Amino acid sequence: MFYLIFLAIGIYIVSFLPSLFTIQSWVIVFFGAIGIFFSHRFHYQLTPLLIFFTLISVGIGWGHIKAERVLEYQLPESLNRHVYVIKGFVRGPVNRQANRLSFDFDVESFETQSHTTMVTPNSYSLDHLRLSWYAKVGSLSSLHAGDHWQLLVRLKQPQGLTNFSGFDYQAWLVEKQFSATGYVLASDLNHLVILDNCDWLCFLSSNLSRLREDIKLFIFTTDLSDRNKAIISALTIGDKSGLGKWWGDLSRLGIVHLLVISGLHIGLVAGLGVLLGISINRIFMIMTFDFRNKAIFSRFFPPLCGLLSAFFYSMLAGFSLPTQRAMVVVIFVMLCKMFYLRISPYVAFIWALFLIAVTQPLAVIGGSFWLSFSAVSILLFYFVPRITVKRNRSGLFLSQWILFVGMTAPLLLFVGKISWLGLVVNLVAVPYVSFITVPLCLMAAVLFFFSASAAQLLWQWAGFSIDGLWSLFNFLPSDWGFFNFALPTSTLFFTCLVLLAFTVLLPRGLLSRWILILPFMLHLIAHKPRLPLRITVLDVGQGLSVVVESQSKLMVYDVGASYGERFDMGSAVVAPFIVSRGFKHVDRVVVSH
């Protein structure tokens, strides 16, 4: 298993390199490997070093190849902000806002438009684009997911903000393998087309996108509240665009992971599929009086049902990167069940880490990768060695408590805040959503192909289940939820939190575990006072925001622009930075224009 770990480490290393290797670097690696090999001929003790170096090198080589393929589809610097005529199809549901449409576009062919001619590039390619169309929505009603279009666009390289912390939009675009971003220009060249070079993958992708938008539009025509429409759309097809108004409440309650399609839901649906296969298998046994049922059918059918159920749910989610990672794990587990392979949870975890490294080497730059693997590793670390723990009703609370303690540092690092209310809310929300709301949404999606009225009825029942859950949330005060740390978050602070978490994760009989509290206590006692004056300049897109701190006061000069109801720079950049500095409120805000 250590071989797989070293290979995965080598692959993931490439994502953190400032640039890819040159030919000279590969020559150095090659001769270094040759040198270690000949050293091994004379010094047998170097065998572990040889194995380690070889596996890391192979992993780096594979990661390098995958990274080069991603960069091949990136818009080059020489053609940044140029105008293009592109042909392809609209991928995924279209996000319709008051003054614009935003959508993803898969490029099949494109040309660079100069002042007088069209030039077809031969040295580079484009793949996925994130586009905006600034116009009245009513005039763009003909733009639908899955439709093939020719568009005149201005494209730019994936760019983000240059702040030292916070959400890295550029890294997110590269992880999702977007070639460029841009916007549609007003032109007569914008019209529907028939693609001559649309292969089978293009055909399947465009029809899947059309199906997902049809489901979304049908959900939004159902007699449901706006909140329920948004949540059901997120749980059914993985579309989070309608959750903007309630995102703060979902974060405060600690249930964001429950109301969007994630690896948790893919695993849950796979498990439900296995149970369905077992039930059908037992019915078959009764009907055929074959109670021994040693046929291949009984061996392969339940795992196959689980695999197909997870695949169908991932398809509805548009095969997003989190669902792809979950499908890799589901395929591995189901194959082990089919062939009666007994593996320990640690081995399954390592195989999942390795297979995702092979298929998605850039996943490591995303926060969701670290959060999901951190949660699984914490549960494995705590529960697997405790094989004698009694299974009782406190199991759900214990798992939530362990996740709450262990995930405090990762959530603060990648999300910037943690909800203590989620510890209590998830005790009710996890089983409620997992076994009531999600199955209703999934069954409605299946019935949508056969009876729209039956699907509408099930989605209404799912809406009733959400109303029931939300009625419980309404009893909770609106100011409850997030921890407010009076200390600035730093590397030392995160390290102390991790050590503090191990006091709970380690076995109770290990009395020395309480020593791990000391670093956190010393950090609280020996915390340095704030500087008399600290000025921080933040990048907020088209402008700058200046945060001025004294020992007890805080002033913000400009907060950035707002981009509709779902996103503004103040909430995305300025507010998380203020929280990370340990302030609970702002004393003065100055807006220059």
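Note that the structure is predicted; figures quoted are calculated from it, not measured.

(A) Structural detail: the overall build of the protein chain. Of the regular secondary structure elements, the protein chain holds 19 helices and 11 strands. Put simply, the protein chain has 593 residues, and 43% of those count as buried. Considering only intrachain contacts with a sequence separation of at least 6, the fraction spanning at least 24 residues in the protein chain is 72%. Surface summary for the protein chain: the accessible area is close to 32,400 Å², and the carbon and sulfur share equals 66%.

(B) Region of interest: the confidence of the model for the protein chain. On average, residues of the protein chain carry a pLDDT of 82, and 88% of them reach 70 or more. Here strand β3 (residues 118-119) is the element of the protein chain with the lowest mean pLDDT, 52, and helix α16 (residues 452-473) is the one with the highest, 92.

(C) Structural detail: the sheet that holds strand β9 (residues 544-549). Across the sheet, which stays open at both edges, the 4 strands sit in the order β8-β9-β10-β11 with mixed pairing between neighbours. Two strands bound the open sheet, and with one partner strand each, they are β8 (534-539) and β11 (588-590). Here the strands of the sheet are splayed against their neighbours by 15° on average, with no regard to which way each runs. Judged from the 6 bridges that link them, β8 and β9 form a sheet pairing that is antiparallel. The residue of β9 that forms the bridge with Arg534 is Glu549. Of the strands in this sheet, β8, β9 and β10 (554-557) are in contact with helix α19 (residues 569-580), which crosses β8 at around 150°.

(D) Structural context of the pattern of salt bridges. Using the criterion set out here, one finds 8 salt bridges in the structure. With its nearest N and O atoms 2.9 Å apart, the salt bridge here joins Asp239 to Lys216. Of this pair, Asp239 sits in the loop between α6 (226-237) and α7 (247-253) while Lys216 sits in helix α5 (residues 200-220), and the two are 23 residues apart along the sequence. Classification of Asp239 as buried rests on a relative accessible area of 11%.

(E) Up close: empty space enclosed by the protein. Across all of its chains, the model carries 1 cavity of 30 Å³ or more by this definition. Quantified by volume, the largest cavity comes out at close to 50 Å³. Around the largest cavity, the lining residues are Ile231, Leu235, Ile255, Leu259, Val433, Thr437, Ile466, Leu469, Trp470 and Phe473. Looking at the lining of the largest cavity, the elements that each hand over two or more residues are α6, α15 (422-447) and α16.

(F) The arrangement of a nonpolar patch on the surface in detail. Where nonpolar side chains cluster on the molecular surface, the patch consists of Phe16, Trp370, Leu413, Phe414 and Val415 and spans about 490 Å² of accessible area. Secondary-structure assignment places Val415 in the loop between α14 (408-414) and α15.

(G) Structural context of α6. If you check α6, its first and last C-alpha atoms are 16 Å apart, about what 12 residues at 1.5 Å a residue would give, namely 16 Å. Counting buried positions along α6 gives 11 out of 12 residues, so the element sits mostly inside the fold. Among all positions in α6, only Arg227, Asn228, Lys229, Ala230, Ile231, Ile232, Ser233, Ala234, Leu235, Thr236 and Ile237 are buried. Trailing α6 by a residue or two, Gly238 shows a phi angle of about 75°, which is positive.

(H) Structural context of the pairing of β9. Hairpin connection from β8 to β9: 4 residues lie between these consecutive antiparallel strands, with Gly541 at a positive phi of about 90°. If you look at the hairpin formed by β9 and β10, you'll find 4 residues sitting between the two strands.

(I) The arrangement of the packing of helix α10 (residues 321-338) against helix α11 (residues 345-359) in detail. Orientation of α10 relative to α11, taken along the N-to-C sense of each, is 130°, at an axis distance of 9 Å. As far as their axial angle goes, α11 and α10 are oblique. For the pair α10 and α11, the sense of crossing is right-handed. Residues Arg325, Val328, Val329 and Phe332 of α10 touch α11, and the partners they reach there are Ala348, Trp351, Ala352, Leu355, Ile356 and Thr359.

(J) Representation of the pairing of strand β6 (residues 178-184) in the model. Of all 7 residues in β6, 6 are buried; the element is thus mostly enclosed. Where strand β5 (residues 148-156) meets β6, 4 bridges bridge the pair, whose relative direction is antiparallel. From the neighbouring strand, Leu155 faces β6, where its bridge partner is Gly182.

(K) Molecular detail of the nonpolar core. Grouped together as the largest cluster of nonpolar side chains are 55 residues, with contacts concentrated most on Ile215, Ile232, Ile255, Leu259, Ile266, Tyr313 and Trp459. Where this core is concerned, the elements lending two or more residues are α5, α6, α7, α8 (263-288), α9 (296-316), α10, α15 and α16. Considering every element that reaches this core, the biggest residue donor is α15, with 10 residues. Membership of the second largest hydrophobic core comes to 22 residues, among which are Leu79, Ile86, Leu126 and Leu143.

(L) Region of the structure containing unusual backbone geometry. A positive phi angle, near 50°, is found at Phe319, a position not held by glycine. Note on placement: Phe319 falls in the loop between α9 and α10. Positive phi is not limited to glycine here, since Asp558 has a value of about 70°. Topologically, Asp558 is positioned in the loop between β10 and α19.

(M) Looking closely at α10. With 18 residues, α10 extends 26 Å from end C-alpha to end C-alpha; this agrees with the ideal 26 Å at 1.5 Å per step. Where α10 is concerned, the buried positions are Leu321, Thr323, Arg325, Ala326, Met327, Val328, Val330, Phe332, Met334, Cys336 and Met338.

(N) Main features of the environment of Leu235. Following the sequence through the fold, Leu235 ends up in helix α6. The spatial distance from the C-alpha of Leu235 to the C-alpha of Ala317 is 8.6 Å, given a sequence separation of 82 residues. The contact partners of Leu235, leaving out residues within four places of it in the chain, are Leu258, Leu259, Val260, Ile261, His265, Tyr313, Thr437, Val438 and Cys441.

Criteria and thresholds
Residues numbered from 1 in each chain as written. Predicted model: local features only at pLDDT ≥ 70, side-chain atom pairs only at ≥ 80, totals over all residues. Heavy atoms only, no water. Helix = DSSP H or I, 4+ residues; strand = E, 2+ residues; numbered from the N terminus. Buried < 20%, exposed > 50% of the residue type's maximum accessible area, 1.4 Å probe, protein only. Contact = heavy atoms within 4.5 Å. Areas by Shrake-Rupley, 256 points an atom, 1.4 Å probe, with all protein chains shown as cover. pLDDT = per-residue confidence, 0-100. Pairing = 2+ DSSP bridges. Axes fitted to C-alpha atoms, helices over the stretch in contact; angles between N-to-C directions. Salt bridge = Lys/Arg side-chain N within 4 Å of Asp/Glu carboxyl O. 1 Å grid on protein atoms, 1.4 Å probe; cavity = no way out; pocket = protein on both sides within 12 Å on 5 of 7 lines; lining within 4 Å. Points joined across faces, edges and corners; volume = space filled by probe spheres on them. Patch = residues over 30% accessible without salt bridge, like charges linked within 9 Å, V, L, I, M, F, W, Y side chains within 5 Å. Expected span 1.5 Å × (residues − 1). Parallel < 35°, antiparallel > 145°, perpendicular 65-115°, else oblique. Left-handed = near helix turned anticlockwise from the far one by under 90°. Core = buried A, V, L, I, M, F, W, Y, C linked by side-chain atoms within 4.5 Å.

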